[in-house]
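Notes for the structure review
For reference, the chains in residue letters:
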Amino acid sequence: MTDALGKDPRDIWAAATAMHVVDGALSASERAGGPLPNADQIALLREIAKRALWHIPNSADEVRKLVRHVDIENLRQANSFDDDPPGG
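Because the structure is a prediction, the values reported are computed rather than measured.

On to the overall build of the protein. Within the protein, the secondary structure is distributed over 3 helices and 0 strands. Shown N-terminal to C-terminal, the secondary structure of the protein runs as helices and strands in the order α-α-α. Put simply, the protein has 88 residues, and 6% of those count as buried. Total accessible area computed for the protein in this model is approximately 7,600 Å², and 60% of it derives from carbon and sulfur atoms.

Laid out in structure tokens, this is it:
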């Protein structure tokens, strides 16, 4: 069973849960001042990603899929952390 956009309920639940987990971890590591994400948050996100991938069967395939996903998403929208905005 899927929703109106063709998404599986498991994927919807997983995305919402991941958002809460990561946002909670980022909030816990916020420090006063400076641009975000800071070096502590980047290190934390990297370790969360490594640990999550460790628990996924065929993690190398999953990483390749994630890289493709990120590449496609970067084509669709400007990243606020890019040095130069598109067309500028």
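Next up on the list: the side chain of Gln41. When you line up the elements, Gln41 lands in helix H2 (residues 39-54). Judged by relative accessible area, which is 3%, Gln41 ranks as buried. If we ignore the near neighbours within four places in the chain, the residues touching Gln41 are Leu26, Ser29, Glu30 and Leu36.

Another point: the packing of helix H1 (residues 9-28) against H2. Across the interface, H1 lies against H2 with an axial gap of 9 Å and an inter-helix angle of 145°. Relative to H2, H1 is oriented so that their crossing is right-handed. Contact with H1, carried on its side by Val22, Ala25 and Leu26, involves Gln41, Leu44, Leu45 and Ile48 of H2 and no other residues of that element. Of the residues assigned to the contact of H1 with H2, the class counts are 6 nonpolar, 1 polar and no charged.

In this section: H2. A rise of 1.5 Å per residue sets the reference length of H2, with its 16 residues, at 22 Å; its end C-alpha atoms lie 23 Å apart and thus fit the reference within 8%. Put simply, Asn38 is the residue that caps the front of H2, since its side-chain oxygen is 3.0 Å from the backbone nitrogen of Asp40.

Below, the discussion takes up unusual backbone geometry. Despite not being glycine, Asn58 shows a phi value in the positive range, around 55°. Within the element layout of this structure, Asn58 appears in the loop between H2 and helix H3 (59-76).

What counts, and where the lines are drawn
Residues numbered from 1 in each chain as written. Predicted model: local features only at pLDDT ≥ 70, side-chain atom pairs only at ≥ 80, totals over all residues. Heavy atoms only, no water. Helix = DSSP H or I, 4+ residues; strand = E, 2+ residues; numbered from the N terminus. Buried < 20%, exposed > 50% of the residue type's maximum accessible area, 1.4 Å probe, protein only. Areas by Shrake-Rupley, 256 points an atom, 1.4 Å probe, with all protein chains shown as cover. Contact = heavy atoms within 4.5 Å. Axes fitted to C-alpha atoms, helices over the stretch in contact; angles between N-to-C directions. Left-handed = near helix turned anticlockwise from the far one by under 90°. Nonpolar A, V, L, I, M, F, W, Y, C, P; charged D, E, K, R; others polar. Expected span 1.5 Å × (residues − 1). Polar contact = N/O pair within 3.5 Å; in protein donor to acceptor, adjacent residues only side chain to side chain.

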